[in-house]
Amino acid sequence: MLQSGNVEQKTEECLSLHHQDSGVMGLTPSSSSDSTMVLPSTHSLRLKYMSLGVLVLQTTSLVLTMRYSRTMKEEGPRYLASSAVVSAEILKILACTLLVLSENNFSVRAMNQLLKEEIVNKSVETMKLAIPAGIYTLQNNLLYVALSNLDAATYQVTYQLKILTTALFSVSMLGKKLGLHQWLSLLFLMAGVTLVQWPTESEGDSEQKVLSAGTQFVGLMAVLMACVSSGFAGVYFEKILKETKQSVWVRNIQLGLFGFVFAFLGMIMYDGQRVRESGIFQGYNTITCTVVVLQALGGLVIAVVIKYADNILKGFATSLSIIVSTVISYFLLEDFNPTSVFFLGAILVIAATFLYGYKCQPANGSTIKV
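Source: prediction; values computed, not measured.

**Some words on empty space enclosed by the protein**
Gaps left between atoms show up when a probe the size of a water molecule is rolled over them. Counted as a void, the second largest cavity has a volume near 70 Å³. Together, Glu 125, Thr 126, Leu 129, Phe 237, Ile 240, Leu 241, Thr 244, Gln 246, Arg 251 and Gln 254 line the second largest cavity. A per-element tally of the lining of the second largest cavity places helix H9 (residues 206-241) first, with three residues. Of the residues that constitute the lining of the second largest cavity, the class distribution is four nonpolar, four polar and two charged.

This is the structure:
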């Protein structure tokens, strides 16, 4: 799904990860001690565990339901991924509009005035969001392609390469400095993903093996493209955030409007014939609707709870998501057979996630700027 909220640049040593699987943007306060809310210890602990649960649930449920929806056997045509992306954008716009309405004490006039001021009167600022919105629309479509060709566990591990792309774009576009331990974590990350994607001996005839290898290659390319687009769009958006101050929900409406236009044009271009024959909502069922809701609203939920999650908690969420996806893919979906090489690669990726978010005070000369 963010892919598919973003983190506004703060003066902290360790770069926070961007949660943009759903294409939903939001400001998430820094987890440093200067900006942490002062709460009673038990209440704070309860909120942290709740945040952990929400992060794991949203990430895991979106991936697993999307994978299941693209592989389950059903009568009639399967739903169009491009249609699901369009539906998610519409739902996201409606949800954010309701949130803006609530912020304005449910005054329609006040909301209309605010949206006109922020979207119409500031047209130049609004147009700047067309680029990240278009990239996120592409990313959301790529995730459907990836999960149509890769099992959920392999996808979850491989998609952590967005840490690498986000870091590289942050260094090159924003001039951020990474600590030595962060560069080391990126090496662990690349090594782990390489091991996860390492070819293994599979059962079946040669034709079946070629078909399986081809399918996995398509899925891998889709994930890699999604990681690059995720990293670039997140950093580009962060650069825009430094210049403007807006409500998180108004920003999401702006992104959603552009996202809807791009998604609709993409659907007409690639699936126009099928839409004309069977309609936009062909193949929709309960699972499909669940995927759309998770993709549209999941990121909004994360934007709310992420302020209670520090980097360690986010590392735990990533690790638990990978573990849960692996277990469910093996026992329920039965589309994944883990190997020792996969487990070694997954451990490296999990370790890299924790190491990258590790808070430290580097000694002089221990940061590297490219």
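**Some remarks on the packing of helix H2 (residues 81-103) against helix H10 (residues 248-278)**
Interaxial distance between H2 and H10 falls to 8 Å at its minimum, and their mutual angle equals 160 degrees. The angle between the axes of H2 and H10 places the two elements in the roughly antiparallel class. Here the hand of the crossing between H2 and H10 comes out left-handed. Residue composition of the contact of H2 with H10, by class: 16 nonpolar, six polar and four charged.

**Digging into the layout of surface pockets**
Roughly 490 Å³ of volume is contained in the second largest pocket. Going through the elements one at a time, H2, helix H5 (130-149) and H10 are the ones with two or more residues in the lining of the second largest pocket. Looking at the lining of the second largest pocket, the element that brings in the most residues is H10, giving nine residues. Taken together, the residues of the lining of the second largest pocket break down into 13 nonpolar, five polar and four charged.

**A few points about the side chain of Ser 329**
Tracing the chain through its elements places Ser 329 in helix H12 (residues 311-333). Residue classification places Ser 329 among the buried residues on the basis of a relative accessible area of 0%. Once residues within four sequence positions are removed from consideration, Ser 329 is found in contact with Leu 64, Ala 152, Ala 153, Glu 334, Asp 335 and Phe 336.

**Here we look at the nonpolar core**
Of all hydrophobic cores here, the largest spans 52 residues; its most connected members are Tyr 144, Tyr 155, Leu 186 and Leu 189. Among the elements that line this core, the one with the most residues is helix H13 (residues 340-356), at six residues. Other than its neighbours up to four places away in sequence, Tyr 144 contacts Met 66, Arg 70, Tyr 79, Ala 81, Ala 84, Val 85, Val 291 and Gln 295. Val 100, Ile 119, Trp 249 and Val 250 belong to the second largest nonpolar core, which has twelve residues in total.

Calculation criteria
- Residue positions are given per chain, counted from 1 along the sequence in the order it is written.
- The predicted origin of the model limits local features to residues at a pLDDT of at least 70 and limits the giving and counting of side-chain atom pairs to 80 or more, whereas totals for whole chains, interfaces and linings rest on all residues.
- Hydrogen atoms and water are omitted, and side-chain values are computed over all heavy atoms in the structure.
- Both cavities and pockets are sets of points on a 1 Å grid over the protein atoms alone; in a cavity a 1.4 Å probe fits but cannot get out, in a pocket the set is open with protein on both sides within 12 Å along at least five of seven lines, and lining residues sit with an atom within 4 Å of a point.
- Grid points are joined across faces, edges and corners, and a volume is the space filled by probe spheres set on the points.
- Put simply, DSSP marks the helices as runs of H or I at least four residues long and the strands as runs of E at least two long, and each gets a number from the N terminus on.
- Only Asp, Glu, Lys and Arg are considered charged in this grouping, and only Ala, Val, Leu, Ile, Met, Phe, Trp, Tyr, Cys and Pro are considered nonpolar; every other residue, Gly among them, is considered polar.
- Note on definitions: angles span 0 to 180 degrees between N-to-C directions of axes, and those axes are lines fitted to C-alpha atoms, for helices only across the stretch in contact.
- Should an angle fall under 35 degrees it is taken as roughly parallel, and over 145 as roughly antiparallel, whereas 65 to 115 is taken as roughly perpendicular and any remaining angle as oblique.
- Rotating anticlockwise by less than a right angle from the far helix to the near helix defines a left-handed crossing, while the corresponding clockwise rotation defines a right-handed one.
- Only protein chains enter the accessibility calculation, which uses a 1.4 Å probe; a residue is then buried when its area is under 20% of its type maximum, exposed when over 50%, and partly exposed in between.
- Every residue pair with non-hydrogen atoms within 4.5 Å of one another is taken to be in contact.
- Among the buried residues, those of types Ala, Val, Leu, Ile, Met, Phe, Trp, Tyr and Cys that are joined through side-chain atoms within 4.5 Å form a nonpolar core.

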